[in-house]
Amino acid sequence: MDRRTALKLFASLSACIALPPVFAAASKPRVTVIGAGIVGSSAAYYLSKAGADVTVIDQQAPASHSTLGTFAWLNASWAKQPKHYHYLNQLGLSQWRALQAELSIPIDWHGSIEWFESTQRNQRLSEQILEQQRWGERSSMIHADAIRELEPNIVIDDATVAAFAQNDGAVDPVQASKQLLDAAIRLGAKVHFPEAALAPVLRNERLIGVETNLRTIPSDFVVVASGADPQLPERFSGLPLPQRSTPGVIAFSEPTERILHSVVAAPGVHLHQRADGVVVIGEQDGPPEGQAHTMRLQNRPNRFPNQSLALQHGRQLLTRASQYFPALQELTLADVVIGWRPLPLDGHPVLGASLKRPEVFIAVMHSGVCLGPLAGQIIASELIYQIPVEGIEQFGPDRQFASTVRY
Ligand SMILES: Cc1cc2nc3c(=O)[nH]c(=O)nc-3n(C[C@H](O)[C@H](O)[C@H](O)COP(=O)(O)OP(=O)(O)OC[C@H]3O[C@@H](n4cnc5c(N)ncnc54)[C@H](O)[C@@H]3O)c2cc1C
């Protein structure tokens, strides 16, 4: 996807947004959405808006997995490589802006500031920012004085140079998922949980329903937005979806007075403060290697074994963050969770219907917060408006997955 294709893609999606629902009540296509995280909730909203008869099921509860344990940075920054994936993320940000206007979702658009400890890595960052500029991103390298102007409470060395990405933002994805589901319900969608999808119901190799632990849901299409679940996409599409899901710890403070404005990606720690005053802190490194951690993590827990271990991890993050914002040391933690990234092996989203089973649309991705609304709009465009989205085939489930380590 080059910039022209990306712009065409956005134009065709914007045109869809303006379209009225396409079906009379009797002929509405029935779509079952599996998973009510930010991706499934977005799909439910845009599908309902397009006039589909939508049923959403979640085996636990809406926004209880990755969408809870996420840092929720909205960005198209240097890590979003190569160019076609970068453009997809730029479109993701535009779609959030459109959605914000539509549903009044609170989003902090204060940009992001990022730098590294090593001079060598920071030098590479400057080169990456030049590339970003060539790709149309509003990013630049800024010095300590400019950083302090943006963040008056920050403590940094005079020699610090950082990347500032003006277009970036952050959202509360749990709240956004709720708003999306509520809006979908107002448009007629049904949301059921806890209810687990088990298998597709097929007739002559064609999908006719979804078997759950409670019933069979008659369906013309199914959207699999099951996040990091390693098996479900294959069970429904008939195609393996190789993932290498990785964990990350996220700490949430009690709401507090404004301490910081931008998303700050400092050495060893990421942080931002939401509009409701909650400071969100994420680690940059994964878990330490060792048998004890491997054992603890093998069943992919979202919670620590006990509250005191959770608080201990949260306090470590607070200590790292308070190196840069000393006021954070006094914060009270409200929650500390472990999130699991839905991560296709090549690091890129899987977004498309399977050639083998075209009624099954797979939507599994990292940066799913950034891309959720765009994914929802693409799903509605392809399944309901039947407008093929140019360029999106590069993210299809039938591609060859090569292993790439980005996160
Ligand atoms: C530590 C961390 C930091 C991150 N930082 C960012 C970031 O800064 N920016 C960004 O854009 N992204 C980030 N991500 C990634 C992002 O959080 C995810 O890509 C996104 O939340 C995925 O949303 P989802 O709806 O696909 O998955 P989820 O939120 O996991 O939702 C999937 C849902 O499917 C349900 N489900 C699973 N199986 C079944 C079944 N059989 N039947 C019914 N329901 C089922 C689950 O219960 C779950 O609720 C981060 C992730 C982590 C872990």
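The residue numbering used here restarts from 1 in each chain and proceeds along that chain's sequence as written. The predicted nature of this model means local features are confined to residues of pLDDT at least 70 and side-chain atom pairs, given and counted, to a pLDDT of 80 or more, with totals for whole chains, interfaces and linings taken over all residues.

Judged by pairing direction, the sheet is antiparallel, and its 3 strands sit side by side in the order 10-11-12 without closing on themselves. For this open sheet the edge positions go to strand 10 (197–203) and strand 12 (216–218), each flanked by a neighbour on one side alone. The sheet shows a mean angle of 30° between the axes of neighbouring strands, direction not considered. Both strand 11 (residues 206–212) and strand 12 contribute to a ladder of 3 bridges, which runs antiparallel. Bridge pairing in strand 12 links Glu211 to Thr216. Strand pairing is assigned whenever DSSP identifies at least 2 bridges connecting the two strands. Secondary structure elements are defined from DSSP: runs of H or I of at least 4 residues count as helices, runs of E of at least 2 residues count as strands, and each element is numbered from the N terminus. Axis geometry follows a simple rule: fit a line to the C-alpha atoms, using only the stretch in contact for helices, then measure angles between N-to-C directions, giving values from 0 to 180 degrees.

Looking now at the domain arrangement of the chain. Each domain's extent is set by a domain assignment, obtained either automatically or from a database. Assigned domains of the chain: these are domain 1 (3–72 + 174–243 + 344–395) and domain 2 (111–167 + 244–340). Look at where the C-alpha atoms of domain 1 and domain 2 centre, and you get two points 30 Å apart. At the interface, 11 residues of domain 1 touch 12 residues of domain 2. Lys, Arg, Asp and Glu make up the charged group, whereas Ala, Val, Leu, Ile, Met, Phe, Trp, Tyr, Cys and Pro make up the nonpolar group; the residues left over, Gly among them, are polar. Along the lines of polarity and charge, the residues of the side of domain 1 that touches domain 2 split into 5 nonpolar, 5 polar and 1 charged. Note on contacts: each residue gets a C-beta atom placed from the backbone, and two residues are in contact if those atoms are within 7 Å.

As a further point, take the sheet that holds strand 8 (residues 169–171). Read across the sheet, 3 strands follow the order 3-8-4 without closing on themselves; strand pairing throughout is antiparallel. Since the sheet does not close on itself, it has two edges, and those belong to strand 3 (73–74) and strand 4 (107–108), each with one partner. Judged from the 2 bridges that link them, strand 4 and strand 8 form a sheet pairing that is antiparallel. By the bridge assignment for strand 8, Asp108 is matched with Ala170.

With that settled, consider the site of the ligand. Contacts to the ligand come from 41 residues, most closely from Gly35, Gly37, Gly227, Gly248 and Gly368. Among the elements of the structure, helix 2 (38–49), strand 14 (247–253), strand 18 (333–340) and helix 10 (368–383) are those that each provide at least two residues to the shell around the ligand. In terms of residue class, the shell around the ligand is built from 19 nonpolar, 19 polar and 3 charged. Two domains each donate at least three residues to the shell around the ligand, and these are domain 1 (3–72 + 174–243 + 344–395) and domain 2 (111–167 + 244–340). All residues are tested the same way: a C-beta atom is placed from the backbone, and lying within 6 Å of a molecule or strand makes the residue near it.

With that out of the way, let us pick up unusual backbone geometry. Going from Gln81 to Pro82, the amide bond is cis rather than trans, its omega being -10°. Relative to the helices and strands, Pro82 is located in the loop between strand 3 and helix 3 (83–103). For the bond from Phe193 to Pro194, the omega torsion is -5°, close enough to zero to count as cis. Among the secondary structure elements, Pro194 is positioned in the loop between strand 9 (190–192) and strand 10. Phi at Ala72 is positive, roughly 65°, even though this residue is not glycine. Structurally, Ala72 can be placed in the loop between strand 2 (53–57) and strand 3.

Among the 7 residues of strand 14, 6 are classified as buried, and the element is accordingly described as predominantly covered. Two elements, strand 14 and strand 18, share 7 bridges in a ladder whose sense is antiparallel. In the sheet register, Ala251 faces strand 18, and the bridge partner there is Val336. By the bridge criterion, 3 bridges tie strand 14 to strand 17 (residues 279–283) in an arrangement that is antiparallel. From the neighbouring strand, Ala251 faces strand 17, where its bridge partner is Ile281. The burial criterion counts other C-beta atoms lying within 10 Å of a residue's C-beta, which is placed from the backbone; the residue is buried at 20 or more, exposed at 12 or fewer, and partly exposed between these limits.

Mapped onto the fold, Arg320 is located in helix 9 (residues 307–322). Judged by local crowding, Arg320 falls into the partly exposed class, with 19 C-beta atoms found within 10 Å. The spatial distance from the C-alpha of Arg320 to the C-alpha of Gly268 is 7.3 Å, given a sequence separation of 52 residues. If near-sequence neighbours (up to four positions away) are discounted, Arg320 is found in contact with Gly268 and Val269.

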